[in-house]
Amino acid sequence: MLYPLKTWQPWFILFHFFSAAYAQSNGYFAPKSTGIKFQNVFERVYIQPFGNHGFRIRASILRDPTGKEISALLDPPLEGPEGGKSAGLAHDQTVRYGNASLPIRNGNMVVEVSDTGVILFFRVDPNGTRSLLASEYQDTKALPSRYYVQDFRSPSFAAAFSFTSSPDEQFFGGGQQACCNDHTVNKKGETIDMINFNSNVPIPVYMSNKGYLQFFNVPSQGRLEFSKYRTRFISNEATVIDYYITTAEPGDYDSLQRQYTAATGRQPMPPDFILGFQQSKLRYWNQSQIVALAERFVEEDVCYFFAWKFQGDWSFDPEIFPNPEEMAAIVKNLTGAEMMVSLWPSVEDNSVNYLTLQENGWLETTRDGPGISDSFNGVYTRNVDSTNPGAREFLWQRLNESYYSKGLRNFWIDQADGGSLGEPFVNNGQTISRIPYARTFAQYFIGTQEATGKAYPWLHQQAIQEGFNNLTGANAMSTSCEHMSLTRSTFADGQRFCSYLWSGDTDSRFDVLTQQITAGVDRSCNLTSPSFPAFANNCPNEIWEYGDGNFGILKQYVRLRYRLIPYVKRLFQKLQATGSPILRPFYHDFSSDPFVVEATAVNNPLVTEAYLFGPRLLIAPVTVANATTKEVYLPLLPKQLVAQGFVWTHWWTNRTFGSGNQTISISAPLDQIPVFYLGEMADILSGNV
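Bear in mind that the values here come from a model prediction, so they are computed numbers and not experimental data.

(A) Representation of helix α8 (residues 510–519) in the model. All buried positions along α8 are accounted for by V512, T514, Q515, Q516, I517 and A519. If you follow the buried residues of α8, they end up packed against β14 (171–176), β30 (583–584), α13 (605–608) and β31 (611–613).

(B) Broad picture of the confidence of the model for the protein chain. This prediction gives the protein chain a mean pLDDT of 89; 92% of its residues lie at or above 70. When the criterion is pLDDT under 50, residues 1–25 qualifies, and its contacts beyond four places in sequence or with other chains add up to 114 contacts. Note that pLDDT drops below 50 for residues 521–532; the model gives that stretch 25 contacts with residues more than four away or on any other chain.

(C) Layout of the pattern of salt bridges. All chains considered together, the criterion is met by 27 salt bridges. D64 is the partner of R44 in a salt bridge, and the nearest nitrogen-oxygen pair spans 3.2 Å. Here R44 is found in strand β5 (residues 43–49), whereas its partner D64 is found in the loop between β6 (54–61) and β7 (93–96), with 20 residues between them in sequence. Judged by its relative accessible area of 16%, R44 falls in the buried class. The class for D64 is partly exposed, based on a relative accessible area of 34%. Residue R509 pairs with D511 through a salt bridge whose shortest N-O separation is 2.9 Å. Taken together, the shared-partner salt bridges in this structure form one network comprising D414, D417, R488 and D505.

(D) Local environment of the environment of S71. With respect to the helices and strands, S71 occurs in the loop between β6 and β7. Taking relative accessible area as the criterion, S71 reaches 22% and is therefore assigned partly exposed. Taking the C-alpha atoms as reference points, S71 and Y212, separated by 141 residues in sequence, lie 21 Å from one another. In this structure the side chain of S71 is engaged in a polar contact, spanning 3.0 Å, whose partner is the backbone nitrogen of L73.

(E) Highlighting the state of the cysteines. Under the criterion given, the structure shown has one disulfide. Put simply, C481 and C498 are joined by a disulfide, and their sulfur atoms are 2.1 Å apart. Looking down the S-S bond of the C481 and C498 bridge, the torsion is -90°, so its handedness is left-handed. Of this pair, C481 sits in the loop between α7 (456–472) and β28 (485–487) while C498 sits in the loop between β28 and β29 (499–501), placing them 17 residues apart in sequence. Accessibility expressed as a relative area gives 8% for C481, which makes it buried. By relative accessible area, which is 5% here, C498 ends up buried.

(F) Layout of the sheet that holds strand β20 (residues 241–247). Within the open sheet, the eight strands sit side by side as β7-β4-β5-β6-β20-β17-β16-β14. Their pairing is mixed. The open sheet terminates on both sides in strands that have one partner only, identified here as β7 and β14. For this sheet the average axis-to-axis angle between neighbouring strands, irrespective of direction, equals 20°. Pairing analysis gives five bridges linking strand β4 (residues 36–40) to β5, with the strands arranged antiparallel.

(G) Quick look at the nonpolar core. Core analysis: the largest hydrophobic core is formed by 77 residues, its most contacted members being W314, L357, L399, L564, F572, L617 and W651. Tallying contributions element by element places helix α10 (residues 565–578) first for this core, with six residues. I36, F38, A59 and V113 belong to the second largest nonpolar core, which has 36 residues in total.

(H) Structural detail: the pairing of β7. Only one face of β7 is buried, namely the one carrying Q93 and V95, since none of T94 and R96 on the opposite face is buried. Pairing geometry for β4 and β7, over four bridges, is parallel. Each bridged residue has a counterpart across the sheet, and for F38 the counterpart in β7 is V95.

What counts as what
- Residues numbered from 1 in each chain as written.
- Predicted model: local features only at pLDDT ≥ 70, side-chain atom pairs only at ≥ 80, totals over all residues.
- Heavy atoms only, no water.
- Buried < 20%, exposed > 50% of the residue type's maximum accessible area, 1.4 Å probe, protein only.
- Helix = DSSP H or I, 4+ residues; strand = E, 2+ residues; numbered from the N terminus.
- Contact = heavy atoms within 4.5 Å.
- pLDDT = per-residue confidence, 0-100.
- Salt bridge = Lys/Arg side-chain N within 4 Å of Asp/Glu carboxyl O.
- Polar contact = N/O pair within 3.5 Å; in protein donor to acceptor, adjacent residues only side chain to side chain.
- Disulfide = S-S within 2.5 Å.
- Pairing = 2+ DSSP bridges.
- Axes fitted to C-alpha atoms, helices over the stretch in contact; angles between N-to-C directions.
- Core = buried A, V, L, I, M, F, W, Y, C linked by side-chain atoms within 4.5 Å.

Next up, the structure:
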C-alpha cells in the first residue's frame, strides 16, 4: 500500500561552429552545418549535431539508416539547437575515405573526420583551446575501430566500436550489475555484459572524468569493455550502430546529466503518496490479510502481492480475492493508502488469455521448438510480446478491467527482463533447475532477443503508460504522474515513464547492502514456508515483527522519512526539471577533492560505500554486522560552499566537523545511521535547498 501525503519551454538560443565561420550569442556556438555523411565503400556513417554540446552518430553497412529504427533518443531533444524539429538524416558534407571533413562545432563540442576515416571528439575549453575527449581507436596493428561481421541470412550484423582511453581515465555508469561482488564505482578495467536478468540491468551509457558522456542507443545484447587503452562497445546484432556523445567541463556531472536527459527524457514528478513509507512482501495472498494489514498501519506503506489463478490471467483469483474493489476501498478509507499489484509477463496454457494471445501472435516465440520461454511453479510459460502494439493494448485492457477500474492503479512490473522469465538460467521452478541450457532465443515483433531484447522491459513499461494516457487523455510528455509503477528492468529512457527501477530480488545480508549502495536500495525477506497458494509467505517482515525495541527504532526512521518529504519532493522537482540525480556518488559533487579522485580511481570503500542524498545529506550506511561505529570520510567542501558558511554536521548530535577533508570514526548504534548535513537542518526539512 502507498500512503498519501507544462511541458518544457525551450529557453536556450543555441549556436554552432562550422570550420572557420561561426555564430555566437549568449556564449553558445550554434552549428552552421547540419552534419556529415562519411561513406567508405559499403559503410555509411552519419554525424549530426544533437542537443546541447552533443552529437549523434549512426553507422550502417550496405544501406543507409532509415531513421525509423527503435530508439531511446528523443528526436528532437528537449533542449538544443534543433528548435523543436527533427533533423532526420540531414547533412551538408559528404566525405569519402582519403578526405578529411571540415570540423563541426556544437556549443563546446567539436567533431571531425580524419582523412583515414577516424572520428575525433574535442571539447572547447574556456581559454579557446581544444582538448581531445576521445577518438576512434587506432594502432599500427589493430582491428578497425568500426568493425562489422555480417550473417547474410539477414540485413543485420554484429559490430564492435572502439574508442581511445588513457590508463588513468575513470568511467562511471554502465547500469546496474548483478549482486553481490561488484562494489565498484569506477568501471575502468571491467567488462559489462549487456544482457538483462534479475538484478542485472546494464545500460550502455557512461561518463568519463575527462568531461564527456557516451550512450549507445542500441538495445541489443553485447558487451562494454573498459580496458587500459581502449573502450569498446560490442553489439551481437544490429542494423544500425547509433550513439550519442556530449561534453561538459571535467567534474560538471550535473551538466552531463542535464544534456543526457534532454536527449532521452526526464522522470515525471511522482504522486505524493509514493514519497511515504513503503511496506512490501512476497506475498500477501488473500483479502483478509490486506484488510488486517491496513487496520494495523497508521503510517504510509506499500503492499505487494500476486493473486492470479493462472499466470497470464492478469486478474484476481476470485476464490481468495472475492471483491477487490471493496478491498481497495476499505484500505483507502482506513488509511488513505494506495495499493500496488504485481504484473508478470508469463502466460501458461491454462490462462483465460492464452488462446487470444496465441491466435493473434501476441506471444513471444522462439527460433525453434514450441515457443516456450521458460517455466515457473511447475508449468511451462510463454511471455507476452510487449514489443507488439496489439499485445500492449490487450495487456492494458486486462489490467484496466481487473485492477485499474477497481481502484488498484499502481503496478509492480516483475520478471519482465526479456527472453526467459528473468533469470540468468532457464527451467525456473522445476524440480531440476539451473541446468546450463542456452537462454531462450526469443523472437519479438521488433526483432530477435539478440538484436532488441534490451528494449523488451522498456516496451513492457510503455504498455501501462500508453494505456493510462489513452484512458485519461494524459499528455505523453506530462511532467507529473497520477500513478506509479515499479519495474525490475528497463532501457535508457525508461525514466520518462511513470515508473521507477527497483534493484531486483536481493537477500537481507550485509554484503548485499554494500553492493546495493552503488546499485540502488532494495529490501526483501527470504523466509519461506510450504503453503497454498504457491509462494504464500508467512515471512513476518512488518515493522512491528522485529521486537519492541526495534519497533521503536523503525518507527523513528519512518517518522524521519515523513519529516524529509519536503526535501525529497524538492529533489524530485530538480530531477524532473534538469535531470539532476538524487543519489549522488562522491565524485559527482567533490571532484575538486584530490582524495575523492584518488579513492574513486581504486574504488576505496570510504568513497564507494557512502553517497549523497541530494546536495545536502551524506549517508554512510553500516555494512558490517554488529558494528557500533563507522569510519566516514567527509569530503573537502568546494570554495563556493565554504563561502556560504557550510560545514559538515552530524545529524543526530549536531556536532560539526568543519569543511571536511578528514576521516572520522562516528558512533553508529541501530537508531543512528551515520548521516551528515550541510547548511541548516531547518532548511532541509522545509525543502528550502
